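So the chains spell out like this:
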Amino acid sequence: METWRIVATGSFLLGGLVMILVGMAQARDRKGAMPSDVWRALLIGAVMVAVVAVLIAYVLPSVIAWGIVAATAIAVVFVTMMD
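Every value quoted in this text rests on a predicted model; they were computed, and no experiment measured them.

Cut-offs applied
Residues numbered from 1 in each chain as written. Predicted model: local features only at pLDDT ≥ 70, side-chain atom pairs only at ≥ 80, totals over all residues. Heavy atoms only, no water. Salt bridge = Lys/Arg side-chain N within 4 Å of Asp/Glu carboxyl O. Helix = DSSP H or I, 4+ residues; strand = E, 2+ residues; numbered from the N terminus. Buried < 20%, exposed > 50% of the residue type's maximum accessible area, 1.4 Å probe, protein only. Contact = heavy atoms within 4.5 Å. Patch = residues over 30% accessible without salt bridge, like charges linked within 9 Å, V, L, I, M, F, W, Y side chains within 5 Å. Areas by Shrake-Rupley, 256 points an atom, 1.4 Å probe, with all protein chains shown as cover.

All right, on to the pattern of salt bridges then. The final tally for this structure, using the stated rule, is three salt bridges. Arg5 is the salt-bridge partner of Glu2, the closest N and O atoms lying 3.0 Å from each other. Here Asp37 and Arg40 are joined by a salt bridge, their closest N and O atoms 3.0 Å apart. Here Arg40 and Asp37 lie together in helix 2 (residues 35-58), a separation of three residues that amounts to about one turn. Residue Asp37 is classed as partly exposed on the basis of its relative accessible area of 21%.

Tracing the backbone shows Arg5 in helix 1 (residues 3-29). Excluding its chain neighbours within four sequence positions, the residues that come into contact with Arg5 are Leu55, Ile56, Ala57, Tyr58, Val59 and Leu60.

A cluster of nonpolar residues, Met1, Ile6, Leu43, Val47, Val51, Val54, Leu55, Tyr58 and Val59, forms a patch on the protein surface that exposes about 900 Å² of accessible area. Topologically, Tyr58 is positioned in helix 2. A residue is classified by how much of its surface remains accessible, and Tyr58, at 58% relative accessible area, is exposed.

Here it is, written out as structure tokens:
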């Protein structure tokens, strides 16, 4: 496996983890939310991050892979810095 794929996958996984945690926190903060809603957010987020990480690691060309990593980084900065 090429080095750029390892770096891109690792970077995406890091950003994806932050996005999963933000999604879980938003599910918890909703009015009338049940604990199962938080677990559902975790499950859906983890599956989505895992599928995209595998695609980055093995299938996608470099331009698309790095575009996804950049979009994830922008989303993390936007979501964590917004008030």
